[in-house]
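Summary of the model geometry
Listed below, chain by chain, are the residues.
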Amino acid sequence: MNARTPNDALVEAVPTVEFTLDGKTVQAPAGETIWNVALAHGVEIPHLCHKPGLRPDGNCRACMVEVKGERTLAASCCRSVSAGMTVDTQSDRAKKSRALVLELLMSDAGVASADHTNESELTHWARECGVDSVRFAPREADYAAPDLSHPAIAVKLDACIQCTRCLRACREEQGNDVIGLALRGSHAKISFDADEALGASSCVACGECVQACPTGALMPARDAGLAQITKSVDSVCPYCGVGCQLTWHVGPDKKGEDVIQFVTGRDGPANHGRLCVKGRYGFDYVRNPKRLTTPLIRRDGAKKDPADIDRVKRGEVALETLFRPASWDEALDLAAGGLKRLRDDALAKGLRGNDIPLAGFGSAKGSNEEAYLFQKLVRQGFETNNVDHCTRLCHASSVAALLEGIGSGSVSNPVADVAQSEFIFLIGANPVVNHPVAATWIKNAVDRGATLCIADPRSNALARRAKWHLAFRPDTDVALLNAMLHVIIGEGLVDEDFVAARVNGYEQLKASVAEATPERMSEICGIDADTLRKVARAYATSRASIILWGMGISQHVHGTDNARGLIALAMVTGQIARPGTGLHPLRGQNNVQGASDAGLIPMMLPNYQRVANAEARAKFEQLWGTPLADHLDATPGLTVVEIMHAASEGRIRGMYVEGENPAMSDPDLNHARAALAGLEHLVVQDIFATETAILADVILPASAHAEKWGSYTNTDRLIQVGRPALAPPGDARQDLWAIEQIARRLDLPWNYWQAADGDGRLGAEAPVARAYEEMRAGMSPLAGVPWSRLAREEAVVTPAAREDEPGDDVVFIDSFPTADGRATLVPTTFKPGPETRDADYPFVLTTGRVLEHWHTGAMTRHASMLEAISPAPLVSLHPEDASALGIAHGAQIDLSTRHGSVRAIASLSPDVQRQQVFLAFAYWEAAANHLTGDAIDPFGKIPGFKVTAVRVSAVA
Amino acid sequence: MNAPVQPIHLVRQKRRQSGPEPVDAAVLAEIRATLGAEADVSRRDLLIEHLHAINDRFGQLRTDHLGALAQLMRLSVAEVHEVASFYHHFEVVRPAADGQWPEAPALTVRVCDGIACELGGARDLLAKLPALLGAEVRVVPVPCVGRCEQAPAAVVHQHPIARATEQSVKAAVDAGSRTHEPAPYLDFEAAKARGAYHLLRQCLSGERDVESVIKTMESSGLRGLGGAGFPSGRKWRIVRSEPGPRLMAVNIDEGEPGTFKDRHYLERNPHQFLEGLLIAAWAVGIERVFVYLRDEYHGCRAILERELAALLEHPPMRDMPTIELRRGAGAYICGEESAMIESIEGKRGMPRLRPPYVAQVGLFGRPTLEHNFETLYWVPEILAKGADWFASHGRHDRKGLRSFSVSGRVRDPGVKLAPAGITLRELIDEYCGGMAEGHELYAYLPGGASGGILPERLADVPLDFDTLQPHGCFIGSAAVVVLSKHDRVTDVARNLMAFFEHESCGQCTPCRAGTTKAREIIASDKWDRELLADLSQVMRDASICGLGQAAPNPVDCVIKYFPEELA
């Protein structure tokens, strides 16, 4: 565990004091609590309201100890040791007091607690304190009725001891602020919002309260917490880029089959035990009956019709009418055969590189090893660079700007560095929804005094904590950022030394923003000039300012310009290369960083070595034992959107799609789906019959995250281990195995999965380690992280040059990884995008995600609890617009753009601006990408998902 | 709350399907208007003030109003609701199943059921008033309203009625009496004419220096008159030595049953208190002062609002510290110094664990000088007459003056300024005109509800700080409730334990659960003395604050001094 924890830097050297503990003279840091010191000396004092990691509160009084000379006993969890103090933890008086406290609590909640959980800390400590009978009358039976209104969490407050661990977890850890302690005295009661039923409250179901509860008053729903657990497997969350470590708790279901019963957070560097709703409750998709369990081959005569997607999804057409089951051998032969034929025909015609009519989409949800082998398959086997994945739809423009500006596409500092920031600039990101645990570090930082500025046309749950929320007009980021640069330069707030030592292009930048006065830019972006000045000053002058951004920056046709502006801000102020500063594009998927690192992008080999670079190609020829130069073109391959265009034009005729769902995620779906349907040969490897799979020739049933080994790299460049908890259902197989099977059928001499590793059904460590070690040989940042170290340490931050040292969590400290070691500024000017609003399309549509649903919903919409919480496509609409349009909360509405239309449900919310609507793209019922256009950024090749002109109307 | 809440997919689907509903714009506008244009919604510490504004306007707190307030103040709904639901004077209401809000009661008559009023016949009033006043009027028992010398006391909305009878309450209801117009008192002009703020000017002009003022306070022997008795001069010196900015919090949350001395002086001479306050602020170097007044003292609030405005208009000093008047909301626990600080910060009134002490880490985390009203009230007089004047009083080897709030079975109850160390018998005979007609001394409470119960045979013990501890009692705020042979101390103990249970903040186990269990155990005729002894011990040893630590006193005293009642 070598990444810095958020609090490390706050800990300063403290003097040691000497005092007497149970008759022994001991030393401890001043300010340490008696409870902690006792524990360090082998005495675990009874405790209920105290849980390491939470702020000690001292309310339960189960930890009372005697301090010599004091009238009353002291709560050891709260009382600090001081020099000369004499503490007796085992005096009769203290022991009796603790026993009485336990007896009182047992009379209130003991019976219920023993009933609701197998791990009651209350009954445990009562036993330890010798409380074997209870003399007090039980608490009044009407104290609280059970609340089973929530799909994931059962509330049974008859077991509650009012210790407020859940409250502190909800408010002080997760910062969700849903739980309160209502009423008072013996009526004091844990409550949600204004004492709503949990299911009707604003609870975001992070489950931190359940994890914190010592008595079973808050438990997983449907008694999952009482299930028999046969094994607990340490792994990492399959969803977002935060990279939370967790433990799957596996036990038999009613039919005796192993399932994940519940999930707990682990103390990983990125999450320290915290999880969000997806990580904690989004696990049962793995056992959803709709999982693909056998290879499928398109039936003869079953035409590929994009309209089948909705028909299958609606249940009007059964998947079996389009596909027939097949053996793996038949399916693999057919899958690989089609690809091979297209390749060989093209090669025979003398076509090379981009002209080979094949492409592959890998996945940022897969492991590093899968990403690495997949890109290797395309490059070595398809003999083209036409390999890409959904990073193209996420941060491609950010990466383009970062590579151009500072020579590296990864983050400079981990998210948790916000704990050391004085000023946090969060732009175009909604981490509360998309990176929930990362958002908790931001909330914690603000609660401890950091200043937060949010720049986003939409509001979000963090805005309550922000000093400024700059709700600028959609698509005017460049104007906003240039105004800030203008102020910083104009007011002499530039870090001249940093610029002189480490930055190129400052004079050009200065000239380019000379006219971008706050007043002028204010007219464009809609934020008043005075506020722009204040924010610019605050960013430039704070002790440490960090910039975090998301798709709100990148998913624009000028996304690269947006990111250039952010880079320029950090460079001219020198707010980088120190703890608490820097540039952090919040990575979306659990392994989008790793997949890009591993070369799952068309222009680069692993570790961002450009395909045009002959030296780099030579290195991989050596590593792969294949003379690539003969075949592999030095020109970069096509990107996601370009591949779709090429497909519709017939230049791409065969594709292998592993774990991606372009028929939902790509812009202008009507066009994209038609392009996919027009392919001669489409192989889809996935765990569900995704929208894309419905258009396939061959569907290979794959393994879910919780069924396989693999390494994953989070947004902080932290590489971590995923382990299998379950066997794949039916005849579903390991992705790594299937990729290799295809490769072998394309005549590649691969030998990762060996006979001893099984038939490809169960997860195996050895082939993953083999793939990893080969990848590591081509990637210098992994030099110090052999598989053995990874498996041992669970998490290593990269780059890590040496095996015996931690990796670098803050990078660019002395120089940037560019040719001259200096950053280069690229000036930008504001230009309106192609999606102009007019009388026909007067609103702006922004697409994105909701908390409960991941990406295209392939996983989460098959997760029962997530689906129960968030079952329907909601369009956020400003209440005033709604009333002008005669639209009620919950009413059906139509959204139409120049590209398509969908029907969804209106959810009135002041979080969107007037004339702005928001729709998540996870819902096939209202697939948001029917509405988006496919105009792309010229550098990052990313579509402008954030801005589409749209018409909103009530359903007649 | 007996029926289990149904699983969401059965009853809540519609709501979930469309996401959380935003706060209604009209409700938001209504709350904004209710708070007024001047209201500062960015200050979290004003939450309770804002809740009062809404509660005053609507007679209750609707959950949608709480949601709107939360949005305006950028707080979470839970943060607002947990505070609102903590205080007895706020009634949080929810919509019925059909979405309709319950009607706020047209009028509420509160009948004090504190110990003095219970002795004075409050139970009888409570039994008879509802039928007499009709369904329109809600009649509720409330804990001590600080009018024990007028027992039984009733309050029609905010209009107090002394020695209430069914007829007098009915008459007040019918006459439309709803507010409390204070009796004539020394206002700013009158007080100035009598020399108020002269001493303050002496301090400011250099005629007196800080050191001499603090020395005078120290040698006068004045101790904190809220009940804890911490030497006042020493407190000034301690807080003064802490780094600035320093704050002051003044405790007029006079809630200890039987106590009404602060109200007595405030209703007569507010500027003697305010001058004392300003002198203390000057001596200690205080930037901001918060005066926390219990909500039940509506007349006092009117006086303080008026006189603080007058003071602001004619400030007796340059750079006068800001003085903010804060309104309690019905919580005895907020008389506890750290709970009061939490309440001033706009939070639930839950005491803090100490250390750190409020002198170091108090209001808003700053060093804080906290004083009871009466302590400050005596400051100008002590400075004017000298430390020796105050110390020259006293009996039975005790020094100083005490303001005894005497109630119960005496002929002439009221605030009695008497020498510290006076005995109960002397106090009754010399200051109260003897026992009430037909009553014979049986027992007494020397220090309100918390101070324990002593038998008649201990009526000759000097009454002062430190003198009653050997007897398992303390004087606290010097609220003396006199019991006669018509009374039973077991009933008194039940009344007091019910009070403590009602007023426990609920934070710590010994007090939250202990007061309930104790009340249940003593409800029967046979008390389980062994269990009560165990309970008493854990409450004393392990409760966070004085409420839980002192709550067993009455029960322990009954067992110790009145075993015959338990036989």
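Structure report, in brief.

Rules behind the numbers
Residues numbered from 1 in each chain as written. Chains lettered and ligands numbered in written order. Predicted model: local features only at pLDDT ≥ 70, side-chain atom pairs only at ≥ 80, totals over all residues. Heavy atoms only, no water. Helix = DSSP H or I, 4+ residues; strand = E, 2+ residues; numbered from the N terminus. Rg over C-alpha atoms; globule rule 2.2 N^0.38 Å. Buried < 20%, exposed > 50% of the residue type's maximum accessible area, 1.4 Å probe, protein only. Contact = heavy atoms within 4.5 Å. Areas by Shrake-Rupley, 256 points an atom, 1.4 Å probe, with all protein chains shown as cover. Lys, Arg positive; Asp, Glu negative; His and termini not counted. Charge placed at Lys NZ, Arg CZ, Asp CG, Glu CD. Pairing = 2+ DSSP bridges. Axes fitted to C-alpha atoms, helices over the stretch in contact; angles between N-to-C directions. Buried area = accessible area lost by both parts, 1.4 Å probe. Salt bridge = Lys/Arg side-chain N within 4 Å of Asp/Glu carboxyl O. Polar contact = N/O pair within 3.5 Å; in protein donor to acceptor, adjacent residues only side chain to side chain. Core = buried A, V, L, I, M, F, W, Y, C linked by side-chain atoms within 4.5 Å.

1. So, the overall build of chain B
In terms of regular secondary structure, chain B is built from 26 helices and 15 strands. For 567 residues, the compact-globule estimate of 2.2 N^0.38 gives 24 Å, and chain B sits close to it at 24 Å. With respect to the principal axes defined by its C-alpha atoms, chain B has extents near 75 × 65 × 50 Å. Within chain B, the fraction of its 567 residues that count as buried is 61%. Here the analysis covers contacts within chain B between residues at least 6 apart in sequence; of these, 70% occur between residues at least 24 apart. Entry remark: accessible area of chain B is about 21,500 Å², with carbon and sulfur atoms responsible for 51%. The centroid of the 65 positive side-chain charges in chain B is displaced by 2 Å from the centroid of its 75 negative side-chain charges.

2. Side note on the sheet that holds strand S16 (residues 387-388) of chain A
All names here are of chain A. With mixed pairing, the 7 strands of this open sheet are ordered in space as S14-S13-S27-S26-S25-S15-S16. Each of the sheet's edge strands pairs with one partner strand only, and the pair in question is strand S14 (323-325) and S16. Where strand S15 (residues 358-361) and strand S25 (residues 654-658) come together, 4 bridges link them in parallel fashion. Opposite Ala359, over in S25, you have Met655 as the bridge partner. Of the strands in this sheet, S15, S16 and S25 touch helix H24 (residues 640-648), which is tilted by about 140° from S15.

3. Here we look at the interface of chain A and chain B
Contacts between the two partners involve 77 residues from chain A, matched on the other side by 67 residues from chain B. Around 5,400 Å² of area is buried between chain A and chain B when both sides are counted, 52% of it from carbon and sulfur atoms. Taken together, the connections running from chain A to chain B amount to 8 salt bridges. Between Arg171 of chain A and Glu82 of chain B there is a salt bridge, with the nearest N and O atoms lying 2.9 Å from each other. Here chain A is connected to chain B by 32 residue pairs in polar contact (both at pLDDT 80 or more). Residue assignment for the side of chain A that touches chain B shows that the elements contributing at least two residues are helix H2 (92-116), helix H4 (165-173), strand S7 (179-182), strand S8 (189-192) and strand S35 (901-908) of chain A. Examining the composition of the side of chain A that touches chain B, we find that 9 residues originate from one element, H2 of chain A, more than from any other.

4. Concerning the nonpolar core
Within the largest apolar cluster, 312 residues are counted, with the highest numbers of intra-cluster contacts made by Phe273 and Leu277 of chain B. A total of 10 residues in this core trace back to one element, the largest contributor, which is helix H15 (residues 270-284) of chain B. Once residues within four sequence positions are removed from consideration, Phe273 of chain B is found in contact with Val250, Ile252, Val291, Leu304, Phe373, Leu376 and Tyr377 of chain B. One finds Leu342, Ala346, Phe382 and Leu782 of chain A within the second-largest nonpolar core, a separate group that totals 60 residues.

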